[in-house]
Amino acid sequence: MMRVLQQGLVLAVAWLALLALGPHRAQANVQITHGAAPKAGGDEIRIALVLPLMLPSDLKGTFKPSQTMAEFCTAARLAEADAQARGIPIKLYFYDSRRMADSASLIANLPELAEMDLVIGPIYGKETAALAAWAQARQVPMVNPLTSALHFDANNKFAYQAEPGPKEMAATALALKQVGPGKQVGCIYGTTPKDSALAAAFAEQARQAGHTLALFKKVAKNSAANLPKFLREAGLDSNSVLFVPNAEPLVKAQLLSALEITRCPALTVTYGAWIEESDIPLERFERLRIRFLYPDYPGYGLPDAERLRARIQEVYGLPATDVGLKAYDLIAVFGQALAQAAPQARSSALRDYSPLPSKLTAGYDFTQSQTNARVPIYRLYDGRLERE
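As a starting point, this report considers the structure included with it. Since the model is a prediction, treat every value here as computed from it, not as a measurement.

Here is what the cut-offs are and how they apply
Residues numbered from 1 in each chain as written. Predicted model: local features only at pLDDT ≥ 70, side-chain atom pairs only at ≥ 80, totals over all residues. Heavy atoms only, no water. Helix = DSSP H or I, 4+ residues; strand = E, 2+ residues; numbered from the N terminus. Buried < 20%, exposed > 50% of the residue type's maximum accessible area, 1.4 Å probe, protein only. Contact = heavy atoms within 4.5 Å. Pairing = 2+ DSSP bridges. Axes fitted to C-alpha atoms, helices over the stretch in contact; angles between N-to-C directions. Left-handed = near helix turned anticlockwise from the far one by under 90°.

**Observations concerning the environment of Val 185**
Relative to the helices and strands, Val 185 resides in strand β8 (residues 184-189). Exposure remark for Val 185: the relative accessible area of 0% places this residue in the buried category. Considered as a pair, Val 185 and Asn 239 are 54 residues apart in the sequence and their alpha carbons are 8.6 Å apart. Once residues within four sequence positions are removed from consideration, Val 185 is found in contact with Leu 174, Lys 177, Phe 202, Ala 206, His 211, Thr 212, Leu 213, Ala 214, Leu 215, Leu 236 and Val 241.

Structural data, given as structure tokens:
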């Protein structure tokens with residue numbers, strides 16, 4: 001109980017420190033903004049963050065801090081300061097959507113929001129529709145920062161998804177298939193909606209590419225013992241890809257054994273979480289040449305990322321997670337893209353300058369669609385996890 005109270009106090013102090021960075025005002029318990037309202041024109045790069053901060057309208061009232069958003073905002077502030085130190089005039093404005101569609105709609109109707117160069121947020125689906133429609137009408141780019149589910153019209157040219165979705169992840173896995181005479185590919189998927197969505201996207205793209213879906217099985221723990229039989233019957237070869245969007249621990253253990261028993265030569269591609277949630281020796285993954293799709297883990301093992309984690313923790317007061325790295329990266333990368341564009345051309349800068357490189361992540365590519373097509377792939381090499 002004492003630890004919970006201490007963490008709550010740390011978060012409260014983090015929020016108060018965030019508010020102290022500049023003058024702020026609250027309106028109808030909907031928004032918190034920092035800095036004066038933006039003015040049209042000029043060199044300032046104006047970025048609004050519309051997030052479920054869950055701040056009270058009166059800071060003397062009951063405080064229910066959002067740990068995730070506190071870290072997100074702390075890291076965003078660090079990126080703002082670093083950009084300004086490099087001469088990039090980024091200015092952040094914070095708005096509290098409070099996880100409410102009505103609040104997001106009220107924020108979208110604020111005249112000052114139309115003067116922004118970029119809006120980051122919201123996060124939850126019920127908040128996104130109003131802001132995405134506003135982005136299209138005002139021609140101001142909006143980026144959903146942390147979710148892979150699409151909550152807006154894919155044809156909306158001003159709404160973007162920073163995280164890759166099922167289509168992009170499946171395409172990345174399928175692209176690992178080697179060129180050769182064999183056309184077989186396989187998919188062993190799990191029981192969650194995410195697993196099924198990835199499997200369906202993989203199957204559709206495989207068919208469109210003219211590949212043969214030699215193995216397409218939903219496998220749970222009760223059917224994991226059949227994996228050697230499934231692999232033998234599929235006849236996958238060294239040119240094949242075996243895509244495994246399946247997080248069931250028993251399936252993971254049984255599949256590794258099945259790959260070894262059958263000596264399946266296909267390149268296996270699965271979730272990066274297989275490494276995190278496993279007591280399996282890394283050498284075994286490396287020997288089986290398994291590849292890991294890791295869209296939700298930026299900067300794995302990079303010195304720059306570890307230094308940034310330490311900086312975020314120093315300011316934030318709690319250990320930094322991937323949320324902080326993502327927040328910093330979004331402000332740094334998108335701010336740089338906006339800085340490259342003339343003020344009147346900033347509405348299309350994320351598309352015009354794609355693919356956008358990053359030192360922390362695989363970057364962002366919006367040249368093909370509104371969803372980020374850059375999916376990092378990792379492999380184990382000499383016991384180390386490295387990005388291909």
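**Quick notes on the sheet that holds strand β11 (residues 267-271)**
A sheet is described by the order of its strands in space; here seven strands give the open sequence β9-β8-β10-β11-β12-β13-β14, paired in mixed fashion. Looking at which strands have only one partner, the edges of the open sheet turn out to be β9 (212-218) and β14 (384-387). Within this sheet the neighbouring strands show an average axis-to-axis angle of 25°, counted without direction. By the bridge criterion, four bridges tie strand β13 (residues 377-381) to β14 in an arrangement that is antiparallel. Looking at the pairing, Leu 380 lines up with Leu 385 of β14.

**Section: the sheet that holds strand β6 (residues 142-144)**
Spatial ordering of the open sheet is given by β4-β3-β5-β6-β7, a layout of five strands whose pairing is parallel. This sheet does not close on itself; its edge strands, each paired only once, are β4 (90-96) and β7 (159-161). Sheet twist, expressed as the mean angle between neighbouring strand axes with direction ignored, is 25°. Looking at chain direction, strand β5 (residues 118-120) and β6 are connected through two bridges and run parallel. Bridge pairing in β6 links Val 119 to Met 142. Against the sheet, helix α4 (residues 125-138) engages β3 (45-51), β5, β6 and β7, with an angle of about 150° to β6. Helix α12 (residues 322-340) contacts β3, β4, β5 and β6 of the sheet and is inclined by roughly 145° relative to β3.

**Observations concerning the pairing of β3**
Side chains on a regular strand alternate between the two faces of the sheet. Of all seven residues that make up β3, seven are buried, and the element is covered over most of its length. Burial along β3 is two-sided: Ile 45, Ile 47, Leu 49 and Leu 51 and Arg 46, Ala 48 and Val 50, pointing in opposite directions, are all buried. Strand direction decides the pairing type here: β3 and β4, joined by seven bridges, are parallel. Looking at the pairing, Leu 49 lines up with Phe 94 of β4.

**Some thoughts on the packing of helix α2 (residues 67-85) against α12**
Viewed as axis vectors pointing N to C, α2 and α12 meet at an angle of 35°, and their least axial separation amounts to 8 Å. Between α2 and α12 the crossing geometry is right-handed. Residues Thr 68, Glu 71, Phe 72, Ala 75, Ala 76, Leu 78, Ala 79, Glu 80 and Asp 82 of α2 lie in contact with α12, whose contacting residues are Val 323, Gly 324, Ala 327, Tyr 328, Leu 330, Ile 331 and Ala 332.

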